[in-house]
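So the chains spell out like this:
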Amino acid sequence: LQVVTDVVCPFCGTLCDDIKIIKDGNRIIDTLNACAIGNEKFKSAQDGHRIMTPLERGDNSAEFTPVSYDYAIEKAAQILANAKRPLFYGWSSTSCEAQEVGNELAELCGGVTDNTASVCHGPSVIAIQTVGAPCCTLGEVKNRADLIIYWGCNPVHAHPRHMSRYSTYPRGFFTERGFKDRTVVVVDPRPTDTAKQAEYFVQVEQGKDYELLDALRTVIRGEDIPDVVAGIPKEKIKELGNLCKSKKFGLLFFGMGVTQTTGKHRNIDIAISFVADMNKYTKFNLIPMRGHYNVSGSGQVMSWQSGFPFAMDFSRGYPRYNPGETAANDILERHECDAALVIASDPGAHFPVSSMKYYAQIPTICIDPHYTPTTGVSKIVMPSTIVGVEEEGTAYRMDNVPIRCRKVVVAPEGILSDHEILERILERVKELKGKE
Ligand code: SF4
C-alpha cells in the first residue's frame, strides 16, 4: 500500500489540503482526514457510474450510441461554430486552466459564458463588485478570529470540515485554546445542526435578513430600534451588537440562505456595510461560503480574461455582463441560445424544468466524468478525467487563495481531461471559422 500526502480535496470551497490517500497500485483504498463527502468524491473516480466513452443521442430519442472522441469533438466544434449565440455553462468543478480555454472558446463563438455562481453566490459577487468587501484568508480566521458568525449557511452539512479546520475548533496563534477562545453565532430561520454547536442561535424570520442586519447596524451606533425586528426581540439584537463590539476579530461567513432569499445582493450590500461599521470598533471581515470547489476560480479567471466574474455575453463582439438578462438560466428560459456546452456542473439537477426542456431540444454538448441528469438530455456527451484525483490543476479556495490540486491516480485508459477536450474543440472551431 502507498500513502499519498498533502492531497487537496476537489469537492467544496474549503479545498482541504491535508488529505491522505491510501492506494494499492492505481486503486484508491481509503482516505484519511477527508469528510464523508470528500471521501466519496475520491472514491467516485472508480465507482460504476463513470462514463467510459463519448456518446451521441439520436434525434428525438433517449437512446445513446457510443462514438469516438474524434467524432464527438468534430460534432461539438460543428455545433458551436454554426451557432449564432451558444451558451457555455458550468466551469465550477474543473481547473482554472480548463476554464481559461473555455472562456476563449466562448469569445470566439460570440456566446454567453456563465458559471454556477449565477444560481448561488452571484448576488455576493455583484455586491462585492459594487462596494468592495473586507476579506481575509481562512488562515487568518484560524489564527485570529474570536467571533464566528455563520449566517444563512449550514457548514456541518455543506462544508463539513470548515468548522474543525478553520473557524470554530482549531487552535491558532492568537486562539491557543481553540473552541474556548471563540464565540460562535448562527443566524438562520431553522435550528440547523450548525446552530446546535453555536453559543448563540438567532432564529431570524424567513426572508428578513436585511431588516435584522439593518437593526444590528442601528444598535451598534447606539440608536433605538422597534421592540421586535425580524422576529428577534430588541434586547437580543442589542446583546448581539455588544458581543460583536467586544471581540478582537470577527468573521461573518454567509451562504445561500442570504444570497438567494428576498433582497439577494442587497442583503450582501448591507452585510458588507455592517462589517464596515464594525471595523470602527474592532477587526471584522466576511467570506462567502462558496460551494463548488473552484467556483471562485471561475470568477477569477473570467474577471482577468474579460472583466466580469459570471454571466458574460460576447454576442456583440465585446464582453457584456447583466445578470438577470445574461445568466444561463435567463438565456435558457427565454430561448435565447441556439446551442449549449455544459461542463463541470449539472444544471439538469438544479435549473427549472422549463429551462431544461429547452436545453433538451437544441444541439448540446455535455462534458462530465459521471452520468448526470444533464448528460441524459444532452446531444453529445464526452467523459473527462477528474481534476484533483486523476489530473493536476489550479483551484481557488472560498477565500480566493489559489491552490494546486494533485494527481493521485491514473485515469481510465483513453479518457481525456477537460482541458484537452476544450483545446481540441477550440482548435477545430478556429479552423471552421477561418481564424487559425
Ligand atoms: Fe472536501 Fe469540503 Fe469535506 Fe474538505 S470539507 S474534505 S474540501 S468536501
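To be clear, the structure that these remarks concern was listed above.
Reference entry: report on the structure contained in this document. Because the structure is predicted, anything quoted here is derived from the model rather than measured.

## Considerations on empty space enclosed by the protein
1) Next: Taken as a whole and assessed by the stated rule, the structure comprises three cavities of 30 Å³ or more.
2) Next: Each pocket or cavity is described by its volume, and for the largest cavity that value is around 90 Å³.
3) Next: Forming the walls of the largest cavity are 15 residues, and the residues nearest its centre are Cys9, Cys12, Cys16, Cys35 and Pro160.
4) Next: When the residues that make up the lining of the largest cavity are grouped by side-chain class, the tally is ten nonpolar, four polar and one charged.
5) Next: Both domains that meet at the lining of the largest cavity, namely domain 1 (2-45) and domain 3 (122-288), each give it at least three residues.

## Some words on the site of the ligand
1) Next: All residues adjacent to the ligand are Cys9, Phe11, Cys12, Leu15, Cys16, Ala34, Cys35, Gly38, Pro160 and Arg161.
2) Next: Taken together, the residues of the shell around the ligand sort by class into eight nonpolar, one polar and one charged.

## With respect to the sheet that holds strand β14 (residues 283-288)
1) Next: Spatial ordering of the open sheet is given by β10-β9-β8-β13-β14, a layout of five strands whose pairing is parallel. Edge strands, defined here as strands with exactly one partner in the open sheet, are β10 (200-202) and β14. Each neighbouring strand pair of the sheet contributes to a mean axis angle of 15°, computed without reference to strand direction.
2) Next: Both strand β13 (residues 249-254) and β14 contribute to a ladder of six bridges, which runs parallel. Its bridge partner lying in β14, Leu251 is registered against Asn285.

## Thoughts on helix α2 (residues 69-82)
1) Next: Here α2 contains 14 residues, and its C-alpha end-to-end distance of 20 Å stays within 8% of the 20 Å for a straight helix at 1.5 Å per residue.
2) Next: Turning to α2, its buried residues number three or more, namely Tyr69, Ala72, Ile73, Ala76, Ala77, Ile79, Leu80 and Ala81.
3) Next: Each element contacted by the buried residues of α2 is listed here: β6 (87-90), α3 (96-108), β17 (340-343), β18 (364-367), β19 (380-382) and α16 (418-432).

## Brief notes about the environment of Ile21
1) Next: Inspection of the secondary structure puts Ile21 in strand β2 (residues 19-24).
2) Next: Looking at Ile21, the relative accessible area reads 0%, which means it is buried.
3) Next: A sequence separation of 13 residues divides Ile21 from Ala34, and the C-alpha atoms of the two residues are 9.2 Å apart.
4) Next: Ignoring sequence-local partners within four residues, the contact set of Ile21 consists of Gln2, Val3, Val4, Val7, Ile28, Asp30, Thr31, Phe42 and Val408.

## Considerations on the packing of helix α8 (residues 209-220) against helix α9 (residues 234-246)
1) Next: One can describe the packing of α8 onto α9 by two numbers: an axis separation of 9 Å at closest approach and a directional angle of 65°. The orientation of α8 relative to α9 falls into the category roughly perpendicular. The interaxial crossing formed by α8 with α9 has right-handed handedness. Contacts between α8 and α9 involve Leu212, Ala215, Leu216, Val219 and Ile220 on the former and, on the latter, Ile237, Lys238, Leu240, Gly241 and Lys245.

## Some details on the pairing of strand β20 (residues 393-396)
One face of the sheet, then the other: side chains in a regular strand alternate in exactly this way.
1) Next: Burial of β20 is two-sided: the residues Gly393 and Ala395 facing one way and the residues Thr394 and Tyr396 facing the other way are all buried.
2) Next: As defined by bridge partners, β20 adjoins strand β21 (residues 402-405) across four bridges and the pair is classed as antiparallel. Along β21, the bridge assignment pairs Tyr396 with Pro402.
3) Next: The hairpin turn running from β20 into β21, its antiparallel successor, is five residues long, and Asn400 in that turn takes a positive phi close to 65°.

## So, the layout of surface pockets
1) Next: In this structure, the second largest pocket occupies an estimated 370 Å³ of space.
2) Next: Around the second largest pocket sit 23 residues that line it, and Val125, Ile128, Arg290, Gln300 and Asn400 are the ones nearest its centre.
3) Next: Secondary structure elements with two or more residues in the lining of the second largest pocket: α4 (122-131), β14 and α12 (295-306).
4) Next: Looking at the lining of the second largest pocket, the element that brings in the most residues is α12, giving five residues.
5) Next: Its residues placed into classes, the lining of the second largest pocket shows twelve nonpolar, nine polar and two charged.

## A few points about the nonpolar core
1) Next: Ranked by internal contacts, the top residues of the largest apolar core, which has 36 residues, are Met382 and Ile425.
2) Next: Counting residues per element, the ones that place at least two in this core are α2, α3, β17, β18, β19 and α16.
3) Next: Top contributing element to this core by residue count: α2, with eight residues.
4) Next: Sequence-distant contacts of Met382, defined by excluding residues within four places in its chain, comprise Pro54, Tyr69, Ala72, Ile73, Ala76, Ile365, Cys366, Ile367, Asp368, Ile421 and Ile425.
5) Next: In terms of nonpolar packing, the next biggest core, distinct from the first, is built from 34 residues, Ile149, Val187, Ala230 and Ala271 among them.

## Topic: helix α11 (residues 265-278)
1) Next: With 14 residues, α11 should reach 20 Å at 1.5 Å per residue; the first-to-last C-alpha distance of 20 Å fits that figure.
2) Next: For α11, the set of buried residues is Asn267, Ile268, Asp269, Ile270, Ala271, Ile272, Phe274, Val275, Asp277 and Met278.
3) Next: The secondary structure elements touched by the buried residues of α11 are α4, α8, α9, β13, α10 (256-259) and β14.

## Some details on the pairing of β6
1) Next: As paired elements, β6 and strand β7 (residues 112-115) share four bridges and run parallel to each other. Opposite Leu87, over in β7, you have Val112 as the bridge partner.
2) Next: Between the parallel elements β6 and β7, the chain passes through α3 in a crossover that is right-handed.
3) Next: Relative to β17, β6 runs parallel, the two being bridged by four bridges. Residue pairing for β17: Phe88 is matched across the bridge by Leu341.

## Section: the packing of aromatic side chains
1) Next: Applying the stated criterion across every chain, the model contains seven aromatic pairs.
2) Next: Here the aromatic rings of Tyr169 and Phe179 are separated by 5.1 Å at their centres, their planes lie at 25°, and the arrangement is stacked. Of the two residues, Tyr169 sits in the loop between α7 (162-167) and β9 (183-187) while Phe179 sits in the loop between α7 and β9, which places them ten residues apart along the sequence.
3) Next: Overall, Phe179 belongs to the partly exposed group, its relative accessible area being 37%.
4) Next: In this structure an aromatic cluster arises from ring pairing among Phe308, Phe310 and Tyr321.
5) Next: The ring of Tyr281 has Lys245 lying over it, and the distance from NZ or CZ to the ring centre is 4.5 Å.

Definitions and limits used
- Residues numbered from 1 in each chain as written.
- Predicted model: local features only at pLDDT ≥ 70, side-chain atom pairs only at ≥ 80, totals over all residues.
- Heavy atoms only, no water.
- 1 Å grid on protein atoms, 1.4 Å probe; cavity = no way out; pocket = protein on both sides within 12 Å on 5 of 7 lines; lining within 4 Å.
- Points joined across faces, edges and corners; volume = space filled by probe spheres on them.
- Nonpolar A, V, L, I, M, F, W, Y, C, P; charged D, E, K, R; others polar.
- Domains from an automatic or database assignment.
- Near = heavy atom within 4 Å.
- Pairing = 2+ DSSP bridges.
- Helix = DSSP H or I, 4+ residues; strand = E, 2+ residues; numbered from the N terminus.
- Axes fitted to C-alpha atoms, helices over the stretch in contact; angles between N-to-C directions.
- Expected span 1.5 Å × (residues − 1).
- Buried < 20%, exposed > 50% of the residue type's maximum accessible area, 1.4 Å probe, protein only.
- Contact = heavy atoms within 4.5 Å.
- Parallel < 35°, antiparallel > 145°, perpendicular 65-115°, else oblique.
- Left-handed = near helix turned anticlockwise from the far one by under 90°.
- Core = buried A, V, L, I, M, F, W, Y, C linked by side-chain atoms within 4.5 Å.
- Right-handed = clockwise from strand over helix to strand, strands pointing away.
- Phe/Tyr/Trp six-rings, centres within 6.5 Å; stacked < 30°, edge-to-face > 60°.
- Lys NZ or Arg CZ within 6 Å of the ring centre and 35° of its normal.

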